[in-house]
Amino acid sequence: MSEENEYRIGARIDNLPKADDTFQKQDPFNKDWEELKNLSGLENNFKRRASRLAKADATPAYMNSANAISTGINGAASKEINPGLIYRNGYGLFDVITPPWNLYELANYYDTSFANHAAIDAKVENIVGLGYDFEVSARTMLKLESSSDAAATDRARKRIERAKIEVRDWLESLNSDDSFTASMEKVYTDLQATGNGYLEIGRTIRGDIGYVGHIPATTIRVRRLRDGFVQVIGNKVVYFRNFGATNANPLGTDARPNEIIHFKQYSPLNTFYGVPDIISAINSLYGDTLASQYNIDYFSNKAVPRYVVTLKGAKLSSEAEDKLFRFLQTGLKGQNHRTLYIPLPPDSDTNKVEFKMDPIEDGVQEGSFKEYRKQNRDDILVAHQVPLSKLGGGDSGSIAAALSQDRTFKEQVARPAQRQLEKHINKIIREKTDILEFKFNELTLTDEIAQSQILERYVKNQIMLPNEARVVLGMPQRPGGDEPLNLKPEQVADATSNRARDGERTNNNSDSPSTVSGRNPKGEGRKTP
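Since the structure is predicted, the reported quantities are computational estimates derived from the model, not experimental observations.

Draft legend 1. Broad picture of empty space enclosed by the protein. According to the stated counting rule, one finds 3 cavities of 30 Å³ or more in the structure shown. When its volume is computed, the largest cavity comes out at roughly 40 Å³. Residue classes in the lining of the largest cavity are distributed as 8 nonpolar, 3 polar and no charged.

Draft legend 2. Structural view of the pattern of salt bridges. Tallied over the entire structure, the rule returns 15 salt bridges. It is possible to trace a salt-bridge network through shared partners that takes in Lys410, Arg415, Glu422, Lys439 and Glu442.

Draft legend 3. Looking closely at a nonpolar patch on the surface. There is a patch of nonpolar side chains on the surface, built from Ile454, Tyr458 and Ile463 and spanning about 260 Å² of accessible area. Note on placement: Tyr458 falls in helix 16 (residues 448-460). On the accessibility criterion, Tyr458 (36% relative accessible area) is partly exposed.

Draft legend 4. Structural view of helix 11 (residues 180-194). In a regular helix each residue adds 1.5 Å, so 15 residues correspond to 21 Å; helix 11 covers 21 Å between its end C-alpha atoms and thus fits that length. Within helix 11, 12 of the 15 residues are buried, which leaves it mostly tucked inside the rest of the structure. The set of residues buried in helix 11 consists of Phe180, Thr181, Ser183, Met184, Val187, Tyr188, Thr189, Asp190, Leu191, Gln192, Ala193 and Thr194. Downstream of helix 11 by one or two residues, Gly195 has phi in the positive range, about 90°.

Draft legend 5. How the structure looks around the environment of Ile463. For Ile463, the location among the structural elements is in the loop between helix 16 and helix 17 (466-472). Taking C-alpha positions, Ile463 is 9.7 Å from Leu485, a pair spaced 22 residues apart along the chain. Dropping the residues within four chain positions of it, Ile463 is found in contact with Tyr458 and Glu468.

Draft legend 6. Looking closely at the environment of Phe114. Its place among the elements puts Phe114 in helix 8 (residues 114-127). With relative accessibility at 47%, the residue Phe114 sits in the partly exposed group. C-alpha separation for the pair Phe114 and Arg377, spaced 263 residues apart in sequence, amounts to 8.6 Å. Leave out the neighbours within four places in its chain, and Phe114 touches Asp288, Arg373 and Arg377.

About the thresholds
- Residues numbered from 1 in each chain as written.
- Predicted model: local features only at pLDDT ≥ 70, side-chain atom pairs only at ≥ 80, totals over all residues.
- Heavy atoms only, no water.
- 1 Å grid on protein atoms, 1.4 Å probe; cavity = no way out; pocket = protein on both sides within 12 Å on 5 of 7 lines; lining within 4 Å.
- Points joined across faces, edges and corners; volume = space filled by probe spheres on them.
- Nonpolar A, V, L, I, M, F, W, Y, C, P; charged D, E, K, R; others polar.
- Salt bridge = Lys/Arg side-chain N within 4 Å of Asp/Glu carboxyl O.
- Patch = residues over 30% accessible without salt bridge, like charges linked within 9 Å, V, L, I, M, F, W, Y side chains within 5 Å.
- Areas by Shrake-Rupley, 256 points an atom, 1.4 Å probe, with all protein chains shown as cover.
- Helix = DSSP H or I, 4+ residues; strand = E, 2+ residues; numbered from the N terminus.
- Buried < 20%, exposed > 50% of the residue type's maximum accessible area, 1.4 Å probe, protein only.
- Expected span 1.5 Å × (residues − 1).
- Contact = heavy atoms within 4.5 Å.

Written out as structure tokens, the structure reads:
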């Protein structure tokens, strides 16, 4: 067959429309004054000032005198639009700072990335989700220990136990919908997802704290002067003071605005907002999303790979070419079995008609991303400093390794974060009492048997008082429990021998939370010095 009778179908690729910036449109502050002036909650004087600002265009004479317009010779000048003259949105009018990252996009990562979601949930449950308790403040404890009146000390301890119950009841009564733990879980989820968490505090007419609750971080912006916060939802704008502040409301008509405690993940690049841990692994998050979407697109096409279609000895009409192209591009998606019929002319003595569909990719496509997605998951977990064992992964390693990772997670992540949160929450508690301090329950790495052995040794060796051990167990104190435990000589000898024997037996256990230098778990070989 001559080359003149050989024809090839001309494939074409449609131009994709420009991606719509959904997250940018979700930002309620990214609107002009014509939309913002209809929001409820704004003071009339503020509306008038903002309207004058929106209409006050700089005169050409002023712009020329300020050299704000690029000019040439003989009256020629730049006609470039100065965005400062026309672009005024809620960030400028409400005098708030633009976050370094789109908060709605960061919140979306929490919902769409399984590794990011799991890591954040693990941190939330192990840092604020284990409940809380109240401890006697250091000043109060010093007064109790320095008191020589045993009867007065017993009465004071009873009052402290009653105060713990009263403060807990008071704290839980400040929100009719959520417990305080649930509110803190929401705040800390926002903090880990967006880098910022906000706790709202409302006061009664007398000035006492009467409400404590979570407020969504995506809707809050920080004022430029750090004199408060602004929230915009729908057609309403609300101003919030800093906690404990008494300044006037600069935006609205509310003479007693609520207050906010701002929790944030520190970033040296921004002092107004926090930046979440996931940003350090943003490329891994993007890569995992694209790899997942690639597999979805591949299987949405019923695992049919891309083809090169060739036709020899005949020529298809433009309509037939279009039908063939549309069938391969979209007709196979969402269909288990489809049939394509192409009528071809019969072969002649001098010409033979050939129709070929050669796949470009005929291997298993998703397998090539298995290790890549696993590496992305590990990168995200490293950014959060969360071990895989906290997520219940199947390849999280042995129990001994998991316990070691949990210990590192508690010491380097959980406890430091709890101390920072407790510092802010104790500002609320101190308005009620100064004899108690708020404290989150810590992640427990030892079982009940090991914990009881530890407390027993502390009490017998007079490191702790019996009542102090009961506080650790969450039990009420008893009369006479403030005196050190004095053992008889034979009890001391028995305790010493039993302690040595128990310690040796414990340390020889494998995969035990109390093991210090015992043998390796089964399958990991001998332990060498």
